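Architecture at a glance
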Amino acid sequence: MKKRTYTLKLATLLVVLVFAVSCSDLSSPTASNPTIENAGNNFYAPIEETIAAIENQGLRALNYAVTSLDDNCDSMLAERFARPHQGGSLNLQGIVRLEWLPGTLPNEMVLQIVSPARCIGVADFYPHPTHFNGYLNIVWDIRALNLPSDYNYDNLVPLYVHDDGTVEEVQYQWRGGRNELVVQTNHFSRYVITQRVDS
């Protein structure tokens, strides 16, 4: 009888230990970081489809200034591990930045900004889909765009791209004069800085 009780206690202890280890793995951050190719192709439409949707609205995507780039237009990525109780920011080469306050993130996660076409003012945000406990700021440095000195900033149109590929103008604010354009969001998607074609 004692041997059977001992065996039962040992088996119960092992089950509890296996369960505890597997639960700790579920809550820990992933060990492998997604590549640009994985992040850029998993959730958003090909960039060509986005450009076609923009042009159908009588708009065109703005380009980054030559001084912001090298000669090719490859994708670029920035990422950061973030905790829910901490605020922070994530900057993609001085072009676009993500800012959040403590308590905004629903859980621990690796935040990413991907520019799938480096020469065009497009940014994808990951993990997608993610909904937040409030709003994050997406901050575009307008000085990184290829605009003439006499540019009429009223012609800028920041767009939100829905998962079905349709585009929608978004509300924005200026910060630092006309240096930074700020869009607020409570979930991640693709955003594009455009202008009206006739301007």
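Residues numbered from 1 in each chain as written. Predicted model: local features only at pLDDT ≥ 70, side-chain atom pairs only at ≥ 80, totals over all residues. Heavy atoms only, no water.

Points about the pattern of salt bridges
- One pass over the structure, following the stated rule, counts eight salt bridges.
- A salt bridge links Arg190 to Asp124; its shortest N-O distance comes to 2.6 Å. A residue pair is termed long-range when its members are at least 10 positions apart, and Arg190 in strand β12 (residues 190-196) and Asp124 in strand β6 (residues 122-126) qualify at 66 residues. Across the pair, Asp124 and Arg190 agree in class, each one buried.
- The residue Arg178 makes a salt bridge to Asp154 at a minimum N-O spacing of 3.8 Å. Here the residue Arg178 occupies a position in the loop between β10 (173-175) and β11 (180-187), and Asp154 occupies one in the loop between β7 (131-141) and β8 (156-161), the gap between them amounting to 24 residues.
- Of the residues examined, Arg178 reaches a relative accessible area of 37% and is grouped as partly exposed.
- What makes Asp154 exposed here is its relative accessible area of 53%.
- Each of Arg97, Glu99, Arg175 and Glu180 takes part in salt bridges that share partners, so that together they form one network. (Salt bridge = Lys/Arg side-chain N within 4 Å of Asp/Glu carboxyl O. Helix = DSSP H or I, 4+ residues; strand = E, 2+ residues; numbered from the N terminus. Buried < 20%, exposed > 50% of the residue type's maximum accessible area, 1.4 Å probe, protein only.)

Some thoughts on the confidence of the model for the protein chain
- Averaged over every residue, the pLDDT of the protein chain is 79; residues scoring 70 or more account for 74%.
- Below pLDDT 50 for its whole length, residues 10-41 participates in 17 contacts with residues either more than four positions away or in separate chains. (pLDDT = per-residue confidence, 0-100. Contact = heavy atoms within 4.5 Å.)

What about the side chain of Thr185?
- Note on placement: Thr185 falls in strand β11.
- Here the side chain of Thr185 touches His187 through a polar contact of 2.5 Å, landing on its backbone oxygen.
- Those residues within four positions of Thr185 in sequence are excluded, and the remaining contacts are Gly134, Tyr135, Leu136, Ile138 and Tyr191. (Polar contact = N/O pair within 3.5 Å; in protein donor to acceptor, adjacent residues only side chain to side chain.)

A word on the pairing of strand β4 (residues 96-100)
- Within β4, five of the five residues are buried, leaving the element largely enclosed by the surrounding structure.
- Neither face of β4 is exposed, since Val96, Leu98 and Trp100 on one face and Arg97 and Glu99 on the opposite face are all buried.
- Where strand β3 (residues 88-92) and β4 come together, five bridges link them in antiparallel fashion. Along β4, the bridge assignment pairs Leu90 with Leu98.
- Counting the residues that bridge the hairpin from β3 to β4 gives three residues, and of these Gln93 lies at a positive phi of roughly 50°.
- Bridging between β4 and β7 involves four bridges; their strand directions are antiparallel. By the bridge assignment, Leu98 is partnered in β7 with Ile138. (Pairing = 2+ DSSP bridges.)

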